[in-house]
Amino acid sequence: MAEDSMALIELMQKADGGDFLRSLAEAVLQLLMEADVDGLIGACRHERSAERVSYRNGYRDRSLDTRVGSLQLRIPKLRQGSYFPPFLEPRKTSERALVAVIQEAWIGGISTRRVDDLVQAMGLSGISKSQVSKLRKDIDERVHAFLSRPLTGEWPYLWLDATYLKQREGGRVVSVAAIIAVAANTEGRREIVGLHIGPSEAEPFWSFFLKGLLRRGLAGVKLVVSDAHEGLKAAIAKTFGATWQRCRVHWMRNALARVPKSQHAMVSAALRQAFLQPDAASASQTWRHVADQLRGKWPKLASFMDETEHDVLAYMTFPTQHRVKLHSTNPLERLNKEVKRRADVVGIFPNEQSIIRLIGAILLEQNDEWQLQSRYMQVEAMAELNTQPNEAQPAQIPPRAA
């Protein structure tokens with residue numbers, strides 16, 4: 001307590017003029033966070049204690065807007081577990097973005113009854129256009145800074161997926177693709193690295209997006225995980241030249257569509273045998289054995305397996321510890337569900353910028369949460385990537401059984 005008091009006294013002596021209250025507020029909140037973390041880990045800084053359950057692991061910067069100005073805080077990070085100050089609102093930005101989009105739709109005279117009800121429930125009937133403009137500007141600046149930030153280091157793994165939203169355009173309601181990119185770096189951390197809105201998933205659209213990631217510094221990509229969109233596959237080959245992994249979950253749905261529904265359980269159990277193997281060679285051997293077993297009864301399924309073997313088993317050539325995260329776009333699927341859940345509140349977006357505002361705010365906050373969590377992938381296995389193939393190999397299609 002004496003040390004805390006001395007810190008406050010020194011701060012008051014150094015502070016000058018209008019910065020005094022802001023500096024004092026920053027210091028008080030910083031002391032509160034340090035005390036919270038001491039209690040959470042069971043020990044003070046540099047203290048030896050049998051009750052210690054974790055260790056400090058640096059800080060992450062976070063700003064807090066208050067009446068005395070913008071406070072620059074340093075939130076403590078932990079090696080195990082996470083800490084988030086109770087006086088901060090983790091979902092504040094996205095909720096403000098949602099309000100801004102609803103307000104924009106309402107003021108523009110294009111809201112549905114559902115949006116009108118939401119506006120009334122939020123008490124926004126007296127909102128002015130100037131207030132909406134100010135709110136939009138603040139959110140747009142933060143989202144733009146996040147989505148255009150430089151990407152440093154190497155990012156060996158990249159996941160890509162698209163979700164579809166409704167947007168009003170020229171008096172019509174059209175469907176647009178919101179592409180989200182997530183990458184993992186050599187430190188085992190995952191981040192949301194990109195968002196792009198477009199009318200389709202054709203190759204030019206994907207190529208423009210991927211080249212934008214390269215310009216921002218995305219380097220060292222060795223494996224790209226996505227669904228089997230032809231335009232995306234071509235764009236990946238031209239842009240990165242990396243190995244492509246076809247999402248196993250999507251592939252399984254496509255495979256089961258080639259057999260009667262009554263046989264789904266049996267066929268899916270047989271197909272999974274290849275995924276349970278310990279290495280690429282065993283997986284390929286099992287894959288071909290299963291394909292030959294199924295060929296007589298379901299030739300279309302066997303042919304589909306012949307054509308897609310390399311794409312579905314590509315992840316087997318990467319470190320064993322990472323494979324559970326590499327075989328599908330499931331991490332992005334969960335993120336897309338959250339995006340859709342929040343977007344459904346709006347229904348039809350008035351324009352593209354309103355989509356970027358809301359979805360970008362959601363991604364910004366999700367990315368912040370990920371940085372507070374433990375590493376997504378084991379960093380020790382990253383060293384094995386130096387011996388892994390870095391270029392896509394041509395598909396090896398086994399000969400058909402006679």
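Described below are features of the structure shown in this document. Just so we're clear, the structure is a prediction, and the values are computed from it rather than from any experiment. (Residues numbered from 1 in each chain as written. Predicted model: local features only at pLDDT ≥ 70, side-chain atom pairs only at ≥ 80, totals over all residues. Heavy atoms only, no water.)

Some thoughts on the overall build of the protein chain
1) Next: Summing up its helical and strand segments, the protein chain has 14 helices and 8 strands in all.
2) Next: Considering the protein chain as a whole, with its 402 residues, one finds that 47% of them fall into the buried category.
3) Next: On the protein chain, roughly 20,400 Å² of surface is accessible, and the fraction owed to carbon and sulfur atoms is 52%. (Helix = DSSP H or I, 4+ residues; strand = E, 2+ residues; numbered from the N terminus. Buried < 20%, exposed > 50% of the residue type's maximum accessible area, 1.4 Å probe, protein only. Areas by Shrake-Rupley, 256 points an atom, 1.4 Å probe, with all protein chains shown as cover.)

Describing the nonpolar core
Side chains of a nonpolar character, in soluble globular proteins, are inclined to be buried together.
1) Next: Counting 61 residues, the largest nonpolar core has Tyr157, Trp159 and Trp251 as the members making the most contacts within it.
2) Next: Sort the elements by how many residues they give to this core and helix α14 (residues 352-372) lands first, with 8 residues.
3) Next: Ala162, Phe205, Val221 and Val224 belong to the second-largest nonpolar core, a separate cluster that totals 24 residues. (Core = buried A, V, L, I, M, F, W, Y, C linked by side-chain atoms within 4.5 Å.)

Side note on helix α8 (residues 248-256)
1) Next: Every buried residue of α8 is accounted for by Arg248, His250, Trp251, Met252, Ala255 and Leu256.
2) Next: The inward-facing, buried residues of α8 contact β7 (243-246), α9 (264-275), α10 (280-295), α11 (299-312) and α13 (330-346). (Contact = heavy atoms within 4.5 Å.)

Section: the pattern of salt bridges
1) Next: Per the stated rule, a full pass over the model turns up 13 salt bridges.
2) Next: The residue Arg341 makes a salt bridge to Glu338 at a minimum N-O spacing of 2.9 Å. Taken together, the residues span about one helical turn, with Arg341 and Glu338 both in helix α13 at a distance of 3 residues.
3) Next: One salt-bridge network, in which partners are shared between bridges, spans Glu34, Asp38, Arg45 and Arg56. (Salt bridge = Lys/Arg side-chain N within 4 Å of Asp/Glu carboxyl O.)

What to know about α11
1) Next: Over its 14 residues, α11 extends 19 Å from the first C-alpha to the last, a length consistent with the 20 Å expected when each residue adds 1.5 Å.
2) Next: The largest bend along α11 reaches roughly 40 degrees and is located at Asp306.
3) Next: Summarising burial for α11: 10 of the 14 residues are buried, a large majority.
4) Next: Buried-residue contacts for α11 involve β7, α8, α9 and α10. (Expected span 1.5 Å × (residues − 1). Bend = angle between axes of the 7 residues up to and from the residue.)

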